[in-house]
Amino acid sequence: KVSVVMCFYNVERYLQEAIESVLHQSYPNWELLLVDDGSTDGSTRIANRYATQYPHHVVYFEHNSHVNKGLSASRNLALTKSTGELITFLDADDVWLPNYLDNQLRLMQEKQVSVICEATKYWFNWDDPKKENKVVLVGTEQDQLYYPPQLMLNLYPLGDGAAPCMCGIILTKELLVRLGGFEDAFRGMYEDQVFLSKLYLHEPVYISSHHNNLYRQRPDSLVGSSRQPEYHKVRKKYLKWLKAYIASQHFKY
């Protein structure tokens, strides 16, 4: 069983499309955990409608008093509620192709690995058919297994290669729990890089050239905000966290 984690905050324009892409997966054994991070628009209504309509597949959660706690805390809440052996993530403005889960699970079984990061199609033409989408491979040699800590050196934010997107990652729940989940102190920007750093440092990771996920490109997203001064503050915070984390783990490679 796969637990699909979808956290959302004021994304009523995109949420239905994201949910529908999970409902249309060819692999049937999944649950969708919708975590409302304090939305004030119509997102809450949309999520509750799907939870009511598909009670055996879709579950709605929110933080106490409907407060906003950030993406890391929301994903950690989903982790405590999940019942699947596998965990995967889909942001509420992205979508999967119908064979995403089927392909990822088949590859996990074939390679006998605990985590797979696949390539991503950057979705530019969602609002303008004249634009071209672009497949972005994870920035290292494709279709092979990497042992710690190699990906830390190869991929962003310490290396030059493109990091995997969260919408292209699947891993065992046991591994995610063992890693301690996500770091609540990182509410949005860099929360994924903190998680990936822990992953690269502790576990072999299979990099796949398949790309069955679409990562919506829009200027008001977190990625769009990376050009703002706040980005450099958060990057510095990440680097301080990484230094302390490595010191605390006593790695012996």
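The numbering scheme is per chain: residues are counted from 1 as the chain's sequence reads. Under the rules for a predicted model, residues below a pLDDT of 70 receive no local features and side-chain atom pairs below 80 are neither given nor counted, while totals for whole chains, interfaces and linings still include all residues. Heavy atoms throughout the structure, all of them, feed into the side-chain values; hydrogens and water do not.

Trainee: Describe in detail the pattern of salt bridges, supporting the description with residues and values.
Mentor: Salt bridge, as applied in this entry: a Lys or Arg side-chain nitrogen positioned within 4 Å of an Asp or Glu carboxyl oxygen. For the structure shown, the criterion picks out nine salt bridges. Between glutamate 174 and arginine 178 there is a salt bridge; the shortest N-O distance is 2.8 Å. In this pair, glutamate 174 and arginine 178 both sit in helix H6 (residues 173–178), four residues apart, roughly one turn of the helix. The cut-offs for exposure are 20% and 50% of the maximum accessible area for each residue type, with area from a 1.4 Å probe on protein chains only; residues under the lower value are buried, those over the upper are exposed, and the others partly exposed. Under the relative-accessibility criterion, arginine 178 is labelled partly exposed at 47%. Here glutamate 183 and lysine 198 are joined by a salt bridge, their closest N and O atoms 2.9 Å apart. Of this pair, glutamate 183 sits in the loop between H6 and helix H7 (191–202) while lysine 198 sits in helix H7, and the two are 15 residues apart along the sequence. The network of salt bridges with shared partners includes Arg75, Asp91 and Glu191. Labels follow the DSSP assignment, with helices taken as runs of H or I lasting at least four residues and strands as runs of E lasting at least two, numbered in each case from the N terminus.

Trainee: Run through helix H2 (residues 43–53), naming residues and quoting values.
Mentor: The set of residues buried in H2 consists of Ser43, Thr44, Ile46, Ala47, Tyr50 and Ala51. Summarising the axial view, the buried residues of H2 lie within an arc of 165°, below the 170-degree limit, and thus occupy one face. Residues Arg45 and Thr52 are exposed on H2 and point more than 90 degrees away from its buried face. The contact criterion used is simple: two residues touch if any of their non-hydrogen atoms lie within 4.5 Å. Summarising the contacts, the buried residues of H2 are in contact with strand S1 (2–8), helix H1 (15–23), strand S2 (30–36) and strand S3 (58–62). Throughout, the arc means that of the directions going from the helix axis to the C-beta atoms.

Trainee: Residue-level account of the sheet that holds strand S6 (residues 115–118), with values.
Mentor: As summarised here, the arrangement of the eight strands in space is S3-S2-S1-S4-S10-S6-S11-S9, forming an open sheet in which the pairing is mixed. The open sheet has two edge strands with one neighbour each: S3 and strand S9 (144–146). Recorded for the sheet is a direction-independent mean angle of 25° between the axes of neighbouring strands. Here, strands pair whenever DSSP counts at least two bridges between them. Relative to strand S10 (residues 169–172), S6 is paired through three bridges, and the arrangement is antiparallel. By the bridge assignment for S10, cysteine 117 is matched with isoleucine 169. On top of the sheet, H2 reaches S1, S2 and S3; it is set at about 145° to S3, its chief contact. Think of each axis as a best-fit line through the C-alpha atoms, taken over the contacting stretch in the case of a helix, with angles from 0 to 180 degrees between the N-to-C directions.

Trainee: If you had to explain the sheet that holds strand S5 (residues 95–96) to someone new, which residues and values would you point to?
Mentor: Spatially, S5-S12-S7-S8 is the arrangement adopted by the four strands of the open sheet, whose pairing is mixed. At either margin of the open sheet sits one strand with a lone partner, and together these are S5 and strand S8 (134–136). Bridge count between strand S7 (residues 120–123) and S8: three bridges; the pairing is antiparallel. Bridging across to S8, tyrosine 122 finds its partner in lysine 134.

Trainee: For the packing of aromatic side chains, give the residues involved together with the corresponding values.
Mentor: A pair of Phe, Tyr and Trp rings is counted when the ring centres sit within 6.5 Å of each other, with Trp represented by its six-membered ring. The angle between the planes then sorts it: under 30 degrees is stacked, over 60 is edge-to-face, the rest tilted. Under the defined criterion, the tally for this structure stands at 13 aromatic pairs. When the centroid spacing of 5.8 Å and the interplanar angle of 45° are considered together, the rings of tyrosine 190 and tyrosine 231 count as tilted. Of the two residues, tyrosine 190 sits in the loop between H6 and H7 while tyrosine 231 sits in helix H8 (residues 229–249), which places them 41 residues apart along the sequence. Of the residues examined, tyrosine 231 reaches a relative accessible area of 13% and is grouped as buried.

Trainee: Could you give an account of H1, with specific residues and numbers?
Mentor: Of all the positions in H1, only Leu15, Ala18, Ile19, Ser21, Val22 and Leu23 are classed as buried. In this structure, the buried residues of H1 make contact with S1, S2, H2, S3 and S5.

Trainee: How would you explain the side chain of aspartate 94 if you had to name every residue and give the values?
Mentor: Among the secondary structure elements, aspartate 94 is positioned in the loop between strand S4 (86–89) and S5. By the counting rule applied here, Lys and Arg register as positive and Asp and Glu as negative, while His and the ends of each chain are not counted. With no salt bridge to any partner, buried aspartate 94 finds its closest opposite charge in arginine 216, at an N-O distance of 5.4 Å. Discounting residues that sit within four places of it in the chain, aspartate 94 has contacts with Ala18, Cys167, Leu214, Tyr215 and Arg216.

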